[in-house]
Amino acid sequence: MRRELSKLLFVLIILINFLQIKSSDAVVPHYHMPSAEFLEKNGLFIASKSYSLLSLGRLNEGLQLAKLAVSLNKNNEKLWAILAEAQIRNNLLNEALKSIKKGKSLNSKIPDFYFVESSIYLQINQLENARKTLEKGLLIQPKNTFALFQLGNIFIMQKKYKKALEIFKRAIEIKYDYWEVINNIGLVYYEINEKLFAEINFKKAISIERNGETLLALAVTLQNKDPRKSILLAREALKLNPSFVLSKYREEQLWGDKIQKDTQKLLQSQDLKEDIELAIRYINNK
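Remember, predicted model here, so these are calculated numbers, not experimental data.

Draft legend 1. Representation of the packing of aromatic side chains in the model. Under the defined criterion, the tally for this structure stands at six aromatic pairs. Measuring from ring centre to ring centre gives 6.4 Å for Phe146 and Phe149, while their planes differ by 55°; the resulting arrangement is tilted. You can see Phe146 and its partner Phe149 sitting in helix 8 (residues 145-157), three residues apart, about one turn around the helix. Note on Phe244 and Tyr249: the rings are 5.0 Å apart at their centroids and 90° apart in plane angle, and the pair reads as edge-to-face. Given a relative accessible area of 24%, Tyr249 falls into the partly exposed group. Grouping aromatic residues by their ring pairs yields a cluster made of Phe146, Phe149, Phe168 and Tyr178. It is Lys175 that lies over the ring of Tyr178; its NZ or CZ is 4.5 Å from the centre.

Shown next, in the form of structure tokens:
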């Protein structure tokens, strides 16, 4: 630790001295312009320190080091990527978009630039830009299952359910046990009134990962077909993830209008009254 810190201080001292020199200072010792190799090497070193600080939650310090790294070498796309990460972590989304665009201008073949750019557009609710950017990234890396998952989710948000299913099925062909994708396939089928296929996919997702979201979705699907089992599943779901008692939270997880309506009906059951009260109490005490 001390050795790495001393290296960083050495670089900073050189930079400070270099920046303070003026052409008219003929009497001071002459400093050579740092070579491109020096700038690249130390820019990457400082960027690695920036990333370490970000991972420790020291967001502003990480941002300042990332800016310094880029100032050392503005032609390294990796440094722009780290700066964009630091800006995102500091919620400077518009600045992060500019950094990503700069990185892409240096190397347009890095798919992560497109994937991160798409995630920013999602955060600022620009769905169409998010979709187009994600699709460009997938042209470079077509088997990125997380990117496919995100693209399918965008189509859900746009209520383009047929397109969502197409994309999700591409993801499952690559990663057959991707339960989050299988869960969302079930959500799509529910919205297009294919409840049998919704039930099949919810059960499949649960067989891979027994999670609160899918358990509640299956409970909703079975409430008329098997009321007793539906109640048992709902109880387990709320214990695993109490947040799903909230309509707003389910909306954020891309639950559509139809399953939301039927969920409200299920949660009105007197058999779940105590479970719902416990879930709400848990959420309020978090």
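Draft legend 2. Broad picture of the environment of Gln264. Positionally, Gln264 belongs in helix 15 (residues 257-267). Taking C-alpha positions, Gln264 is 9.1 Å from Val245, a pair spaced 19 residues apart along the chain.

Draft legend 3. Just unusual backbone geometry, in detail. Located in the positive-phi region is Asn91, a residue other than glycine, with phi close to 60°. Inspection of the secondary structure assignment puts Asn91 in the loop between helix 4 (77-89) and helix 5 (93-106). The phi dihedral of Asn193 is positive, around 65°, even though this residue is not glycine. Topologically, Asn193 is positioned in the loop between helix 10 (179-191) and helix 11 (195-208).

Draft legend 4. Quick peek at a nonpolar patch on the surface. On the surface, Leu196, Phe197 and Ile200 cluster together into a nonpolar patch covering about 290 Å² of accessible area. Secondary-structure assignment places Phe197 in helix 11. On the basis of relative accessibility, which here comes to 39%, the residue Phe197 falls in the partly exposed class.

Draft legend 5. Expanded view of the nonpolar core. Core analysis: the biggest nonpolar cluster contains 61 residues, and Phe168, Val181, Ile259 and Leu266 have the highest contact counts within it. Here this core takes eight residues from helix 10, the largest share from any one element. The residues contacting Val181, other than those within four sequence positions of it, are Phe149, Phe168, Ala171 and Ile172. Core analysis: the next-biggest nonpolar cluster, separate from the first, contains 16 residues, Ile46, Ala66, Ala69 and Ala86 among them.

Draft legend 6. How the structure looks around the pattern of salt bridges. Following the criterion strictly, the structure yields 13 salt bridges and no others. We note a salt bridge from Lys163 to Glu166, for which the minimum N-O separation is 3.6 Å. With a gap of three residues between them, Lys163 and Glu166 both fall in helix 9 (residues 161-174), about one helical turn apart. Its relative accessible area of 38% is what places Glu166 among the partly exposed residues. The partner of Glu236 in a salt bridge is Arg210, and the shortest N-O contact between them spans 2.7 Å. Within this pair, whereas Glu236 is found in helix 13 (residues 227-240), its partner Arg210 is found in the loop between helix 11 and helix 12 (212-222), the two being separated by 26 residues in sequence.

The rules behind these values
- Residues numbered from 1 in each chain as written.
- Predicted model: local features only at pLDDT ≥ 70, side-chain atom pairs only at ≥ 80, totals over all residues.
- Heavy atoms only, no water.
- Phe/Tyr/Trp six-rings, centres within 6.5 Å; stacked < 30°, edge-to-face > 60°.
- Helix = DSSP H or I, 4+ residues; strand = E, 2+ residues; numbered from the N terminus.
- Buried < 20%, exposed > 50% of the residue type's maximum accessible area, 1.4 Å probe, protein only.
- Lys NZ or Arg CZ within 6 Å of the ring centre and 35° of its normal.
- Patch = residues over 30% accessible without salt bridge, like charges linked within 9 Å, V, L, I, M, F, W, Y side chains within 5 Å.
- Areas by Shrake-Rupley, 256 points an atom, 1.4 Å probe, with all protein chains shown as cover.
- Salt bridge = Lys/Arg side-chain N within 4 Å of Asp/Glu carboxyl O.
- Core = buried A, V, L, I, M, F, W, Y, C linked by side-chain atoms within 4.5 Å.
- Contact = heavy atoms within 4.5 Å.

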